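Close look at the chain arrangement
So the chains spell out like this:
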Amino acid sequence: MIRYDVSDAVATITLDRPDAMNSLTAELKTALLDALRRAAADDEVRAVLLTGSGRAFCAGQDLREHADNLEAGRGLAGTVHEHYNPIVELLATMPKPVVAAVNGVAAGAGASLAFACDLRVASEKARFAMAFAAIGLVPDSGASWTLQRLVGPGRATELLLLGEPLDAARALELGVVTRVVPPEEVLKTARDLAVRLAAGPTRAYAATRRALAYAATHTLAESLELEARLQDECAATEDHRAATRAFLAKETPVFKGR
Ligand code: T3D
């Protein structure tokens, strides 16, 4: 259900239910959460790459399992709290960068997973479907928070209420994705970015993620205060000291993530 592979300090996590468009069952969500926890906790992993196998990135909640839960009177069976929320929180807050290789359609919570990553590289064949309203649900897995930060509240409202699919070109235009490449290049392009980030100042990247998330919901004065604290932390890192020495010696810095 999940493939987990580490090389070049990048953990590649692949949703691997291609026959069901990588739609999310409880089992797959548990495996994804485990994989993300493993990547977050492993100091040898300095960037994460999330992708899907087959023609989809992820079609969101598995609606067959969902229908079974509804029929059995279990409602959502606790999956939002138990799975979706911790998955998205970890994607958005783990202390290392996360890149999504959106190889195909990303629908519902599948789109939300991509939105929670730092960078999104999409295949020309990818599309995003804000599929929640079409089945009478509210956007979840952070889409109400992330999408409006990517495209602004006006566009986000339209996308979430009308649910019209967004092709890759339009997604790039609106800022939902950062790059669009031919399908055969999507994984390599995203992986190259992840490898580049994995060779960077991991602690400064973690601090940057924190600062951006914090600034999105705090005042300028509060954000300046957090920046000052985070800058003290970064200034004390081995990477910062070594990079400063390298600059003055006109050398290329080698970051160790410490
Ligand atoms: O507990 C909770 O449920 C709460 C959390 C909810 C979070 C959510 O994610 S809600 C949103 C759930 N996802 C959707 O509503 C998306 C449903 N799928 C679609 O809209 C379309 O299938 C796609 C836009 C993803 C792809 O369209 P297309 O035309 O490329 O493919 P298709 O023909 O519609 O689907 C291909 C197969 O995948 C098909 O199965 P079949 O007929 O070949 O046996 C289809 O049923 C299956 N499939 C697609 N999405 C899902 C799915 N099966 C189960 N669950 C899916 N989400």
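Residues numbered from 1 in each chain as written. Predicted model: local features only at pLDDT ≥ 70, side-chain atom pairs only at ≥ 80, totals over all residues. Heavy atoms only, no water.

As annotated in an unreviewed UniProt entry, the protein chain carries the name Enoyl-CoA hydratase-related protein and is attributed to Nonomuraea longicatena. Per UniProt, the protein chain has the following entry under Sequence similarities (unreviewed entry): "Belongs to the enoyl-CoA hydratase/isomerase family." (UniProt positions renumbered as here; feature names shortened; annotations may be inferred.)

**Considerations on the sheet that holds strand β2 (residues 10–15)**
Pairing is mixed across the open sheet formed by 6 strands, whose spatial order is β1-β2-β3-β5-β7-β10. A single partner strand is all that each edge strand has here, and the edge strands are β1 (2–7) and β10 (179–181). Going across the sheet, the axis of each strand differs from the next one's by a mean of 20°, ignoring polarity. The sheet contact formed by strand β5 (residues 98–102) and strand β7 (residues 119–123) spans 4 bridges and is parallel. Following the sheet pairing, valine 102 is matched in β7 by alanine 122. Against the sheet, helix α1 (residues 26–41) engages β1, β2 and β3 (47–52), with an angle of about 15° to β1. (Pairing = 2+ DSSP bridges. Helix = DSSP H or I, 4+ residues; strand = E, 2+ residues; numbered from the N terminus. Axes fitted to C-alpha atoms, helices over the stretch in contact; angles between N-to-C directions. Contact = heavy atoms within 4.5 Å.)

**Brief notes about the layout of surface pockets**
The calculated volume of the largest pocket comes to roughly 680 Å³. Together, 24 residues line the largest pocket, and Ala116, Cys117, Asp118, Trp145 and Leu212 are the ones closest to its centre. The leading source of residues in the lining of the largest pocket is helix α9 (residues 202–215), at 5 residues. Split into classes, the residues belonging to the lining of the largest pocket amount to 14 nonpolar, 5 polar and 5 charged. Built from parts of two domains, the lining of the largest pocket gets at least three residues from each of domain 1 (2–198) and domain 2 (202–248). Contributing to the lining of the second largest pocket are 19 residues, with Gln61, Leu63, Phe132, Ile135 and Leu137 lying nearest its centre. Sorting the residues of the lining of the second largest pocket by element identifies α2 (63–71) and α3 (79–93) as the ones contributing at least two each. (1 Å grid on protein atoms, 1.4 Å probe; cavity = no way out; pocket = protein on both sides within 12 Å on 5 of 7 lines; lining within 4 Å. Points joined across faces, edges and corners; volume = space filled by probe spheres on them. Nonpolar A, V, L, I, M, F, W, Y, C, P; charged D, E, K, R; others polar. Domains from an automatic or database assignment.)

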